[in-house]
Amino acid sequence: MLLFKNICYSLIVLICRNFDKIICKYNSERLYRKDDNLPFTCFGDAPSATHENVSLARCSLACNNLKNCLVFQYYETNKCDLFVTWSIWIKQSVGGCSLYTRAGLCPPSFVYFPLSNSCYKLEVGSWNWEQARSWCNHLSPPYTFPAIINTTKKNDAVTFYLNSIKDSNNIDCYNSDYFSRKMWIGGQRIDPANVLTIFVWKPFPNVALSLGNETFWFPTQPDAFLGSLFLESCMTFWHDNFNWNDLSCYYAKCVLCEATPILN
Ligand SMILES: [Ca+2]
């Protein structure tokens, strides 16, 4: 048996062939794996069965009697979770991993996160902010829009997601330069032509929602850099520190789209 330091705890299931790439935000407890021959696996959905206060041996034996069973035992609590309902999962290949998401919860290829009850998809392209919103809106109307990251749970989900899918196809979306590609999210000033106005969420045209109580501005942002000359009126998400920044809306960027879960 192996003790994993960075096992994930979210609804999505990652069978990681290259786990070093993955940074898990949901590693709330250390877990044991049933069998060294099984693939590296990250779990978070409700288990098929749970046994409290059992030994690792008993936990593994329970799993051995079931087909397609994977099991984890929590090191600290001796709680044993069994997962056997593989048929409900949709498999995708993402970032060196096989990524499994539950059918029906999100539009196609969006990834569902139970803790935030939201779906995300990074779209690789070069759009200004308005174009990026339009792109998200057309993915699966009326459920999809540029991401609204307005709670810690959503920020954690996005952080986990972006760390999980980073690969050569989308590497430009992760640029560390201030102004280079990175990704848009759904925030924009009420009046984009006036950098003195506040930011709001604008998931759809003619919709404006308060940012809410939790904000994730980088400590020096928003800075309305060079004021009316640059008009930093649109919100980007910095993958390296998972904070917001205000930037001129005309830059060409990827976009992080969000979807409202369709079924629940
Ligand atoms: Ca700025």
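Residues numbered from 1 in each chain as written. Predicted model: local features only at pLDDT ≥ 70, side-chain atom pairs only at ≥ 80, totals over all residues.

Asker: Mind showing me how you'd approach the overall build of the protein chain here?
Answerer: Counting its regular elements, the protein chain contains four helices and 18 strands. Counting across all 264 residues of the protein chain, residues that qualify as buried make up 39%. A separation threshold of at least 6 residues defines the contact pool for the protein chain, and within that pool the share at least 24 residues apart is 67%. (Helix = DSSP H or I, 4+ residues; strand = E, 2+ residues; numbered from the N terminus. Buried ≥ 20, exposed ≤ 12 C-beta atoms within 10 Å, placed from the backbone. Contact = placed C-beta atoms within 7 Å.)

Asker: I tried to follow the nonpolar core on my own but got confused; where do I start?
Answerer: Nonpolar side chains tend toward joint burial in soluble globular proteins. One finds Y120, M183, V255 and L256 to be the most contacted residues of the largest nonpolar core, which totals 39 residues. Elements supplying a minimum of two residues to this core: β10 (111-113), β11 (118-127), α2 (129-139), α3 (152-165), β13 (183-189), β16 (234-238), β17 (243-247) and β18 (253-259). It is α3 that provides the largest number of residues to this core, a total of six residues. Setting aside chain neighbours within four positions, we find V255 in contact with E123, W127, A132, W135, C136, P146, M183 and W184. (Core = buried A, V, L, I, M, F, W, Y, C linked by C-beta atoms within 7 Å.)

Asker: It is not clear to me how the environment of I185 should be interpreted in this structure. Could you clarify?
Answerer: Note on placement: I185 falls in strand β13. With 27 C-beta atoms packed within 10 Å, I185 lands in the buried category. Between the C-alpha atom of I185 and that of P146, which follows or precedes it by 39 residues, the distance is 5.1 Å. Once residues lying within four places of it in the same chain are set aside, the contact partners of I185 are P146, A147, I149, M235, T236, F237 and L256.

Asker: Would you mind showing me how to read α2 here?
Answerer: Within α2 the residues assigned to the buried category are W129, A132, R133 and C136. End-on view of α2: buried residues confined to an arc of 100°, all on one side of the axis. Against the buried residues of α2 lie β11, β12 (144-146), β13, β16 and β18. (Arc of directions from axis to C-beta.)

Asker: Looking at this structure, I do not really get the environment of Y178. What am I missing?
Answerer: Here Y178 lies in the loop between α3 and β13. Y178 gets classed as exposed once you count the C-beta atoms within 10 Å, which come to 11. Separated by 69 residues in sequence, Y178 and L247 place their C-alpha atoms 9.2 Å apart.

Asker: Help me understand the confidence of the model for the protein chain in this model?
Answerer: Close reading of the predicted structure is inappropriate where its pLDDT is low. The predicted model of the protein chain has a mean per-residue pLDDT of 73, with 61% of residues at 70 or higher. The low-confidence segment residues 1-45, where pLDDT is below 50, has 109 contacts with residues more than four positions distant or belonging to other chains. (pLDDT = per-residue confidence, 0-100.)

Asker: Looking at this structure, how should I read α3?
Answerer: An α-helical segment advances 3.6 residues per turn. Residues three or four places apart therefore align on the same side. For α3, spanning 14 residues, the distance from its first C-alpha to its last is 20 Å, which sits close to the expected 20 Å at 1.5 Å a residue. Here α3 has its buried residues at K154, A157, V158, F160, Y161, L162, S164 and I165. (Expected span 1.5 Å × (residues − 1).)

Asker: Would you take a moment to explain the pairing of β18 for this structure?
Answerer: Regular strands show a simple pattern: their side chains alternate between the two faces of the sheet. For β18, the tally of buried residues reaches seven of seven residues, placing the bulk of the element in the interior. With three bridges joining them, β12 and β18 adopt antiparallel strand pairing. Note on β18: the bridge partner recorded for T144 is A259. One ladder, built from two bridges, connects β13 with β18; its direction is parallel. When the bridges of β18 are listed, W184 appears paired with V255. (Pairing = 2+ DSSP bridges.)

Asker: When you look at unusual backbone geometry in this model, what are you seeing that I'm missing?
Answerer: Among all residues save glycine, negative phi is the norm, and among peptide bonds the norm is trans. Cis geometry marks the peptide bond from P141 to P142, where omega comes out at 5°. By secondary structure assignment, the location of P142 is in the loop between α2 and β12. Of note, the amide linkage connecting Q221 to P222 takes the cis form, showing an omega dihedral of -5°. Relative to the helices and strands, P222 resides in the loop between β15 (209-210) and α4 (227-230). A positive phi angle is found at N206, which is not glycine, with a value near 65°. Examined against the element boundaries, N206 turns out to sit in the loop between β14 (199-201) and β15.

Asker: What should I look at first to understand the environment of F216 in this one?
Answerer: Locating F216 in the fold gives a position in the loop between β15 and α4. By the C-beta count within 10 Å, which is 21 here, F216 ends up buried. C-alpha of F216 to C-alpha of T152: the two residues are 64 residues apart in sequence and 8.6 Å apart in space. If we ignore the near neighbours within four places in the chain, the residues touching F216 are I149, N155, F242, N243 and W244.

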